[in-house]
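Residues per chain are reported as follows:
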Amino acid sequence: MAAQDWQALTRLTAGAPFEIERVRLTDGDVAIEGRFELPPLARLAAEDQTFVAAFVRCHGSIKQMEKYFGVSYHTIKNRLNRIGALLPFAEIEPAAAEPERPSTSELLSRLERGEMAVKDVLAQLQTQKERD
């Protein structure tokens, strides 16, 4: 769907919520039917979508946005806050944390207690040295 088509659809629906029931891949004869909810950014008004796209293109620089739109910092900030309130917070799963590396003294204590072999302690120390 071209940008003009999307804007026409947005005007046609007058901001009322709608669902997509059929999706056709443009590079083939594959179509999928069902009830598809629009992603949050697509539910924004066309002007807000343009604002978000400009913000991304400006790498999040409010100074550049001020110049581009010819408005004040506070106007940009207020609009960002308003749009942000319309969007759900993107939950990102934290990356799996690396297991805590035992210190050199802990490795030596394990060696003394017979919990580790010399070759294993040396291997761990070498790995730590390579990471640092």
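Bear in mind the structure is a predicted one, so any value in this text is a computation, not a measurement.

What follows deals with the nonpolar core. Formed by Leu44, Phe51, Ala54, Cys58, Ile62, Met65, Ile76 and Ile83, the largest nonpolar core amounts to 8 residues. Elements with a contribution of two residues or more to this core: α2 (46-57), α3 (62-69) and α4 (73-86). Residues contacting Cys58, with those up to four places away along its chain left out, are Gln64 and Met65.

A cluster of nonpolar side chains, namely Val23, Leu25, Val30 and Ile32, defines an oily patch on the protein surface of about 300 Å² accessible area. Take Val23: it is sitting in strand β1 (residues 20-24). Take Val23: its relative accessible area is 31%, and that puts it in the partly exposed class.

This paragraph deals with the confidence of the model for the protein. For the protein, per-residue confidence averages 83 on the pLDDT scale, and 88% of positions sit at 70 or higher. Of all secondary-structure elements in the protein, the lowest mean pLDDT belongs to helix α1 (residues 3-13), at 71, while α3 reaches the highest, 94.

Two strands pair when backbone bridges link them, and β1 and strand β2 (residues 31-36) are joined in this way by 4 bridges, in the antiparallel orientation. Paired with Val23 across the two strands is Ile32, which belongs to β2. Linking β1 to β2, which pair antiparallel, is a turn of 6 residues.

Put simply, α3 and α4 touch, their axes get as near as 9 Å, and they point 105° apart. What the angle tells us is that α3 and α4 run roughly perpendicular. Two secondary-structure elements touch here, α3 through Ile62, Met65, Glu66 and Phe69 and α4 through Tyr73, Ile76, Lys77 and Leu80. A breakdown of the residues in the contact of α3 with α4 according to their chemical character gives 6 nonpolar, no polar and 2 charged.

The subject of this paragraph is the packing of α2 against α4. The N-to-C vectors of α2 and α4 enclose an angle of 110°; their axes lie 11 Å apart at closest approach. Considering their axes alone, α2 and α4 lie roughly perpendicular with respect to each other. In this structure, the crossing between α2 and α4 has a hand that is left-handed. Every residue of α4 that contacts α2 at Glu47, Asp48, Phe51, Val52 and Phe55 is listed here: Ile76, Arg79, Leu80, Arg82, Ile83 and Leu86.

A few words on the packing of aromatic side chains. As enumerated under the stated definition, the model contains 2 aromatic pairs in all. A ring pair is formed by Phe51 and Phe69, whose centres lie 5.3 Å apart and whose planes are at 40°; its orientation type is tilted. With Phe51 in helix α2 and Phe69 in helix α3, this pair connects stretches of sequence that are 18 residues apart. What makes Phe51 buried here is its relative accessible area of 2%. Take Phe69: its relative accessible area is 31%, and that puts it in the partly exposed class. Judged by centre distance (4.9 Å) and plane angle (85°), the ring pair of Tyr68 and Phe69 falls under edge-to-face. Taking the relative accessible area as the measure of exposure, Tyr68 reaches 57% and is therefore exposed. Put simply, the rings of Phe51, Tyr68 and Phe69 pair up and form one aromatic cluster.

Analysis parameters
Residues numbered from 1 in each chain as written. Predicted model: local features only at pLDDT ≥ 70, side-chain atom pairs only at ≥ 80, totals over all residues. Heavy atoms only, no water. Core = buried A, V, L, I, M, F, W, Y, C linked by side-chain atoms within 4.5 Å. Buried < 20%, exposed > 50% of the residue type's maximum accessible area, 1.4 Å probe, protein only. Helix = DSSP H or I, 4+ residues; strand = E, 2+ residues; numbered from the N terminus. Contact = heavy atoms within 4.5 Å. Patch = residues over 30% accessible without salt bridge, like charges linked within 9 Å, V, L, I, M, F, W, Y side chains within 5 Å. Areas by Shrake-Rupley, 256 points an atom, 1.4 Å probe, with all protein chains shown as cover. Salt bridge = Lys/Arg side-chain N within 4 Å of Asp/Glu carboxyl O. pLDDT = per-residue confidence, 0-100. Pairing = 2+ DSSP bridges. Axes fitted to C-alpha atoms, helices over the stretch in contact; angles between N-to-C directions. Parallel < 35°, antiparallel > 145°, perpendicular 65-115°, else oblique. Nonpolar A, V, L, I, M, F, W, Y, C, P; charged D, E, K, R; others polar. Left-handed = near helix turned anticlockwise from the far one by under 90°. Phe/Tyr/Trp six-rings, centres within 6.5 Å; stacked < 30°, edge-to-face > 60°.

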